[in-house]
Amino acid sequence: MRRFLCLLLFTSQPTWAQDVAGEFDYYVLSLSWSANWCALEGDARQSPQCDEAEDFDWILHGLWPQYENGYPADCRTSFQAPSRSDTAAMADIMGTSGLAWHQWNKHGVCSGLSSDDYYALSREAFDSVVRPPVFRGIHQEVTLPASVVEDAFLADNGALEADQITITCKQGYIQEARICMTKDLEFRTCGADVIRDCTMTDAQLDPMR
């Protein structure tokens, strides 16, 4: 009887399937304010993204396949990994080739695309969004409501609506602007797990390096 009960318990446990490349609902375009990332992490890592000679504002953190709730990651893919030259070619909008490599390995493999097509789509998504130029004019540390950052994106992207973008914060800093897009890169409503707007009224925004 004990053996039977153990077998029953074992066979009744759910089995979690591997996330399947290409099977997802929409994308999240994640844009990171470079100066804040450098203050939080990049300077300590001595990242080349944070070099004073660079001129980064909003960089492409990633284009993430998303379920209506949750997201796939680390999917199996038959496509080859990108070459060093492929990842290096993304550094102009991603800050470093290392980030491009990481994004492919975690998220790109779930897109159902080759690395070349995934990077091309990521660049297209990045270029389709106006990154508010007002923030480039900040020359000293400022604190501001996170909602101001969202409002700036809404003002400069006429087709974008409030439930299609969320602003995140980390350790008191503005962290990212996350914009939800269809597979055809049209703006769309974010899933409930993505819309978690930062409610800080005094979030820090550092000036560009």
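Residues numbered from 1 in each chain as written. Predicted model: local features only at pLDDT ≥ 70, side-chain atom pairs only at ≥ 80, totals over all residues. Heavy atoms only, no water.

### Quick notes on the nonpolar core
Part 1: Within the largest apolar cluster, 45 residues are counted, with the highest numbers of intra-cluster contacts made by Leu 29, Leu 31, Trp 58, Phe 135, Phe 153, Ile 174 and Ile 179.
Part 2: With sequence-adjacent residues up to four places away left out, Ile 179 is seen in contact with Tyr 27, Val 28, Leu 29, Leu 31, Val 129, Phe 153, Leu 160, Gln 164, Ile 165 and Phe 187.
Part 3: Tyr 26, Val 28, Cys 190 and Val 194 belong to the second largest nonpolar core, which has six residues in total. (Core = buried A, V, L, I, M, F, W, Y, C linked by side-chain atoms within 4.5 Å. Buried < 20%, exposed > 50% of the residue type's maximum accessible area, 1.4 Å probe, protein only. Contact = heavy atoms within 4.5 Å.)

### Quick notes on unusual backbone geometry
Part 1: Not every positive phi belongs to a glycine, and Gln 46 is a case in point at roughly 55°.
Part 2: Positionally, Gln 46 belongs in the loop between helix 2 (34-45) and strand 2 (58-66). (Helix = DSSP H or I, 4+ residues; strand = E, 2+ residues; numbered from the N terminus.)

### Concerning the packing of aromatic side chains
Part 1: The full count for this structure, using the stated rule, is seven aromatic pairs.
Part 2: Both rings, one in Trp 33 and one in Trp 58, keep their centres 5.1 Å apart while their planes meet at 65°; by these two values the pair is edge-to-face. Of the two residues, Trp 33 sits in strand 1 (residues 26-33) while Trp 58 sits in strand 2, which places them 25 residues apart along the sequence. This pair shows no difference in class: Trp 33 is buried, exactly as Trp 58 is.
Part 3: With 6.1 Å between their ring centres and 55° between their planes, Trp 104 and Tyr 118 make a pair best called tilted. With Trp 104 in helix 5 (residues 97-106) and Tyr 118 in helix 6 (residues 115-128), this pair connects stretches of sequence that are 14 residues apart. Both residues of the pair, Trp 104 and Tyr 118, belong to the buried class.
Part 4: Residue placement shows Arg 131 over the ring face of Phe 126; its charged tip is 3.8 Å from the ring centre.
Part 5: Sitting over the ring of Tyr 26, Arg 188 keeps its end group 3.9 Å from the ring centre. (Phe/Tyr/Trp six-rings, centres within 6.5 Å; stacked < 30°, edge-to-face > 60°. Lys NZ or Arg CZ within 6 Å of the ring centre and 35° of its normal.)

### Details of helix 5
The α-helix advances 3.6 residues per turn, and as a result positions three or four apart in sequence lie on the same side.
Part 1: If you check which residues of helix 5 are buried, you get Leu 99, Ala 100, Gln 103 and Trp 104. For helix 5, the angular spread of the buried residues around the axis is 135°, confining them to a single face.
Part 2: Contacts from the buried residues of helix 5 go to strand 2, helix 3 (84-88), helix 4 (91-94) and helix 6. (Arc of directions from axis to C-beta.)

### Focus: the environment of Ile 138
Part 1: Position of Ile 138 relative to the elements: it lies in the loop between helix 6 and strand 3 (142-144).
Part 2: For Ile 138, a relative accessible area of 17% gives the class buried.
Part 3: With residues near it in sequence (within four places) discarded, Ile 138 still touches Leu 205, Pro 207 and Met 208.

### Let's talk about helix 2
Part 1: The terminal C-alpha atoms of helix 2, which comprises 12 residues, lie only 14 Å apart, well short of the 16 Å expected from a rise of 1.5 Å per residue.
Part 2: Within helix 2, burial applies to Ser 34, Ala 35, Asn 36, Trp 37, Cys 38 and Gly 42.
Part 3: For helix 2, the secondary structure elements touched by its buried residues are strand 1, strand 2, strand 5 (173-181) and strand 6 (203-205).
Part 4: Gln 46 occupies a position one or two residues after helix 2 and carries a positive phi of about 55°. (Expected span 1.5 Å × (residues − 1).)

### Digging into the confidence of the model for the chain
Part 1: Here the chain averages 92 in pLDDT, while 92% of its residues score no lower than 70.
Part 2: Contacts from residues 4-16, a stretch scored under 50 in pLDDT, to residues over four places away or in other chains number zero contacts. (pLDDT = per-residue confidence, 0-100.)

### Examining the pattern of salt bridges
Part 1: Counted according to the given criterion, the structure contains eight salt bridges.
Part 2: Of the charged contacts, one joins Arg 45 and Glu 41 as a salt bridge, the two residues approaching to 2.7 Å between their closest N and O atoms. Note that Arg 45 and Glu 41 are positioned in helix 2 at a spacing of four residues, about one turn of the helix.
Part 3: With a relative accessible area of 57%, Arg 45 lands in the exposed category.
Part 4: As a salt-bridge pair, Arg 178 and Glu 176 come within 2.7 Å of each other at their nearest N and O atoms.
Part 5: Judged by its relative accessible area of 22%, Arg 178 is partly exposed.
Part 6: Overall, Glu 176 belongs to the buried group, its relative accessible area being 3%.
Part 7: Each of Glu 41, Arg 45 and Lys 170 takes part in one network of salt bridges that share partners. (Salt bridge = Lys/Arg side-chain N within 4 Å of Asp/Glu carboxyl O.)

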